[in-house]
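# Commentary on secondary and tertiary structure
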Amino acid sequence: MASIIEAIGVISGVLGILQFGIDNFPKQDSVDSTVRVTVGLDTKGGLNNAGGDAPDIRLFNEAGEFIGIKTDPGKIEDGGFKDIKIEHNDDSTQQPTYALFSANNDAICVAYVTITLPNSDHYSWVGDWGHQCGGSWYYSHVYIGSTNVTPDCFWIDGNNDQPQSGFQVHWPEFFNPQGNDLPSDPKEQADKIKYFCDQGPPFKMYNYADVKDPRSITYWTINNKRGLEEREPATAYGPSKEASSAKFRRGSTYYPRTNGTDSANNPHANRLVMSNKAQHTANGLCESDTSYGPDFVNVADGTFCRMSDKTQWPVCDGKAVVDNCFNAETKQLIVNGVSARDTPYTNVLDWTD
């Protein structure tokens, strides 16, 4: 059994290989599969309610046949993980190569998921794909164990507080055999990313507006051709979950800008994240239509993103830039000589080294 499992990830539109140590996976069970769901960190000034209800999980084999389901598996602590055992029908030891994650009512921001199969095979997937493929996201500030990599986390929710209600993964397509190189040509990279995001079977997001409680997957039909690109997609269905409470929309994902402070309508109104890490950029948040979370400043590159209206501002330097900029010392955005907020941030999370 390999001590390192390599997964295909993507950061800022560039493919990369992420290494998962064996301690990132749940323990093996002889006739069941176990999925570990890890969520983003929720502390003062950071993500709000990144932890919440673990998703329902349905498993399917390579032919799209339903294998097993686990519903309402409980809560996941923010910044932590939950191991979820899915019993296989009739104690089958078939490989569940497809997994469907259907959100419950308390949203979570998924940083990464791993699975251990009955035969001890291991697979993994990272939340960066949710960001890359157009899902609602934010910086997780959760490390993949024994590495310095912090993937973005991907929001899912079962009552439309977030737009995505679930997602599916075809595990083997994100596995990278050790020694296997990814394409380096920019066009080949772009084509590979487009394949993962657009084909359906490898990774697919489900939007609440279309599917409130996903229970079907798109899978590759099996034929005698060897290449995945030559296979045709089809739809397979799993059972509905047992009777559950109705799901209601509580409000919109996006919040209007007020002078500081409408915390009743915007849970992130009084929160600020400060970082100096190169992978955490204000530009990345502001230019993404689907990022979601607190205001953000990178003090190393001198940029600030006001998340409510996705506007970007420089950091004041006290010399050449003193107005229409973000003052990192007072933690105030200064617009035309006046603080844009009526009150200061009450929760500030410092991610600087």
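Residues numbered from 1 in each chain as written. Predicted model: local features only at pLDDT ≥ 70, side-chain atom pairs only at ≥ 80, totals over all residues. Heavy atoms only, no water.

## Some words on the overall build of the protein
- Secondary structure summary: the protein contains three helices and 25 strands in total.
- Taken over 353 residues, the protein has a buried fraction of 51%.
- Restricting the contact set of the protein to residue pairs at least 6 apart, pairs at least 24 apart contribute 66%.
- As displayed, the protein offers around 15,600 Å² of accessible surface, 46% of which is attributable to carbon and sulfur atoms. (Helix = DSSP H or I, 4+ residues; strand = E, 2+ residues; numbered from the N terminus. Buried < 20%, exposed > 50% of the residue type's maximum accessible area, 1.4 Å probe, protein only. Contact = heavy atoms within 4.5 Å. Areas by Shrake-Rupley, 256 points an atom, 1.4 Å probe, with all protein chains shown as cover.)

## Some words on the pairing of strand 11 (residues 122-126)
- In terms of residue burial, strand 11 counts as a mostly covered element, since five of its five residues are buried.
- Residues His122, Ser124 and Val126 line one face of strand 11 and the alternating positions Tyr123 and Trp125 line the opposite face, and both faces are buried.

## What to know about the sheet that holds strand 5 (residues 56-60)
- Spatially, the five strands line up as an open sheet ordered 6-5-9-14-15, and their pairing is antiparallel. In this open sheet, the two edge strands, each paired with only one partner strand, are strand 6 (66-70) and strand 15 (203-207). Recorded for the sheet is a direction-independent mean angle of 15° between the axes of neighbouring strands.
- Pairing geometry for strand 9 (residues 98-102) and strand 14 (residues 164-170), over five bridges, is antiparallel. Bridge pairing in strand 14 places Ala99 opposite Val169. (Pairing = 2+ DSSP bridges. Axes fitted to C-alpha atoms, helices over the stretch in contact; angles between N-to-C directions.)

## Quick notes on the state of the cysteines
- Summed over the entire model, instances satisfying the criterion amount to four disulfides.
- Linked covalently through their sulfurs, Cys109 and Cys153 form a disulfide whose S-S length is 2.1 Å. The sign of the S-S torsion, about 90°, decides the handedness of the disulfide formed by Cys109 and Cys153: right-handed. Taken together, the residues Cys109 in strand 10 (residues 108-116) and Cys153 in strand 13 (residues 152-156) connect sequence positions 44 residues apart. The exposure classification of Cys109 matches that of Cys153, with both residues buried.
- Covalent S-S linkage joins Cys286 and Cys305, the inter-sulfur distance amounting to 2.2 Å. The chirality of the disulfide connecting Cys286 with Cys305 is right-handed, given an S-S dihedral of about 105°. Taken together, the residues Cys286 in helix 3 (residues 282-286) and Cys305 in strand 20 (residues 303-306) connect sequence positions 19 residues apart.
- Among the residues examined, Cys286 registers a relative accessible area of 9% and is labelled buried.
- Cysteine pairing in the protein follows 1-3, 2-4, 5-6, 7-8, where each cysteine in a disulfide is numbered by its order in the sequence. (Disulfide = S-S within 2.5 Å.)

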